[in-house]
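Residue strings, one per chain:
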Amino acid sequence: MRLIKQFKTELDRSKKVSQLRDKFHQQVGGFFGDNRSIGRIASTDLPDDIGMLCKELPYRQYDEKLDLYINQNNLGFIMEFAPLTGINVKNVEILSQLFNRAFPEECTVQIINFASPLACSAIDKWAALKKGEVYKAFARNRKDYYSRYRWSSMFDEPFAIRDFRCYISVSIDFGKKDKDISSKLYEVREQVKSSFKSLDIKTRKVYPEDLIGYCQEYLSPNKKQDKFKSQIWNKLEDLNHQCV
């Protein structure tokens, strides 16, 4: 319970920092006669009926000590894992045990298979494996050819070049058993890592810099960008404001 009170205190502190920052922007912008000059539009300049997308995102803070995300109504973690390119009976049994036994009833599990158009990093890795001047030349030409079809199809049927990235997120709402949330999440995370390792699937934690980059890629796609980039994480600002 003390831990959750600490979380909620941290959220309140973050909101106060955001409110003070916005007030400072408004006052300074008003002094110079241009609220847009400091990179932020004052809230008084926006109509009341315009909803902000960032308000729909649950992410608030990331606790580096607990290694967990503090969201609007829950705690959770995010992991990235390599896509399954094939599966057998044994793999099905391992996954069945994971989903039937590892996750508490009160938790929420989300699986995302994202076909990212930012595929040039994967293409570069493939091209770097080629040896010899002739094969390197072929690789450069093929790389340029593949890169053209990240946003359009090579053929009449849909067939774009994409980098498939898979994510699993697990969260538990704040409730009466708040003191058990972090320990439950630790246990679930270890079981997820162990199960994927037995499937010979690599996993890694998704840190705030990656989450911000992923959300910006998904919510504000840029056709000029060809590779995924982690973004700078400002610890004094709520994560949802940095994701859009």
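What comes next concerns the included structure. Here the structure is a predicted model, which means the values were calculated and not measured.

1. Overview of the nonpolar core
Within the largest apolar cluster, 24 residues are counted, with the highest numbers of intra-cluster contacts made by Phe 77, Phe 103, Ile 168, Val 170, Leu 185, Val 192 and Phe 196. For this core, the secondary structure elements donating two or more residues are β2 (68-71), β3 (74-81), α2 (89-102), β5 (163-173) and α5 (181-198). When residues of this core are assigned to their parent elements, the largest contribution, five residues, is made by α5. Once residues lying within four places of it in the same chain are set aside, the contact partners of Val 192 are Met 79, Leu 98, Phe 103 and Ile 168. In this structure, Phe 114, Leu 211, Tyr 214 and Cys 215 belong to the second largest nonpolar core, which totals 15 residues.

2. Quick look at the side chain of Glu 80
By the element assignment, Glu 80 lies in strand β3. Leaving out residues up to four positions away in the same chain, Glu 80 has contacts with Arg 165, Cys 166, Tyr 167, Lys 202, Thr 203, Arg 204 and Val 206.

3. Overview of the pattern of salt bridges
Taken as a whole and judged by the stated rule, the model has nine salt bridges. Among the ionic pairs, Lys 184 bridges to Glu 106, the shortest N-O distance being 2.3 Å. Note that Lys 184 is positioned in helix α5 and Glu 106 in the loop between α2 and β4 (107-116), a separation of 78 residues in sequence. Among the salt bridges present, the one from Lys 143 reaches Asp 124, with a minimum N-O distance of 2.7 Å.

4. Here's the deal with the pairing of strand β1 (residues 59-63)
Counting buried residues in β1 gives five out of five residues, a clear majority hidden from the surface. Hairpin connection from β1 to β2: four residues lie between these consecutive antiparallel strands, with Asp 67 at a positive phi of about 60°.

5. Observations regarding helix α6 (residues 208-219)
The first and last C-alpha atoms of α6 sit 16 Å apart over twelve residues, in line with the 16 Å expected at 1.5 Å per residue. Regarding α6, the residues found buried are Pro 208, Asp 210, Leu 211, Ile 212, Gly 213, Tyr 214, Cys 215 and Glu 217.

6. Describing a nonpolar patch on the surface
A cluster of nonpolar residues, Leu 53, Tyr 218, Leu 219 and Val 244, forms a patch on the protein surface that exposes about 360 Å² of accessible area. Structurally, Leu 219 can be placed in helix α6. Owing to a relative accessible area of 31%, Leu 219 belongs among the partly exposed residues under this scheme.

7. Details of unusual backbone geometry
A positive phi angle, near 60°, is found at Asp 67, a position not held by glycine. Mapped onto the fold, Asp 67 is located in the loop between β1 and β2. The phi dihedral of Asp 200 is positive, around 60°, even though this residue is not glycine. Structurally, Asp 200 is set in the loop between α5 and β6 (203-205). Exposure remark for Asp 200: the relative accessible area of 71% places this residue in the exposed category.

8. What about the packing of aromatic side chains?
Evaluated as defined, the whole model comprises 13 aromatic pairs. With a centroid separation of 5.4 Å and an interplanar angle of 40°, the aromatic rings of Phe 99 and Phe 103 are classed as tilted. On the accessibility criterion, Phe 99 (39% relative accessible area) is partly exposed. Taking relative accessible area as the criterion, Phe 103 reaches 12% and is therefore assigned buried. Above the plane of the ring of Trp 151 lies Arg 162, whose end atom (NZ or CZ) is 6.0 Å from the centre. Lying across the ring of Phe 228, Arg 165 places its NZ or CZ 4.8 Å from the centre.

So, how was this worked out
- Residues numbered from 1 in each chain as written.
- Predicted model: local features only at pLDDT ≥ 70, side-chain atom pairs only at ≥ 80, totals over all residues.
- Heavy atoms only, no water.
- Core = buried A, V, L, I, M, F, W, Y, C linked by side-chain atoms within 4.5 Å.
- Buried < 20%, exposed > 50% of the residue type's maximum accessible area, 1.4 Å probe, protein only.
- Helix = DSSP H or I, 4+ residues; strand = E, 2+ residues; numbered from the N terminus.
- Contact = heavy atoms within 4.5 Å.
- Salt bridge = Lys/Arg side-chain N within 4 Å of Asp/Glu carboxyl O.
- Pairing = 2+ DSSP bridges.
- Expected span 1.5 Å × (residues − 1).
- Patch = residues over 30% accessible without salt bridge, like charges linked within 9 Å, V, L, I, M, F, W, Y side chains within 5 Å.
- Areas by Shrake-Rupley, 256 points an atom, 1.4 Å probe, with all protein chains shown as cover.
- Phe/Tyr/Trp six-rings, centres within 6.5 Å; stacked < 30°, edge-to-face > 60°.
- Lys NZ or Arg CZ within 6 Å of the ring centre and 35° of its normal.

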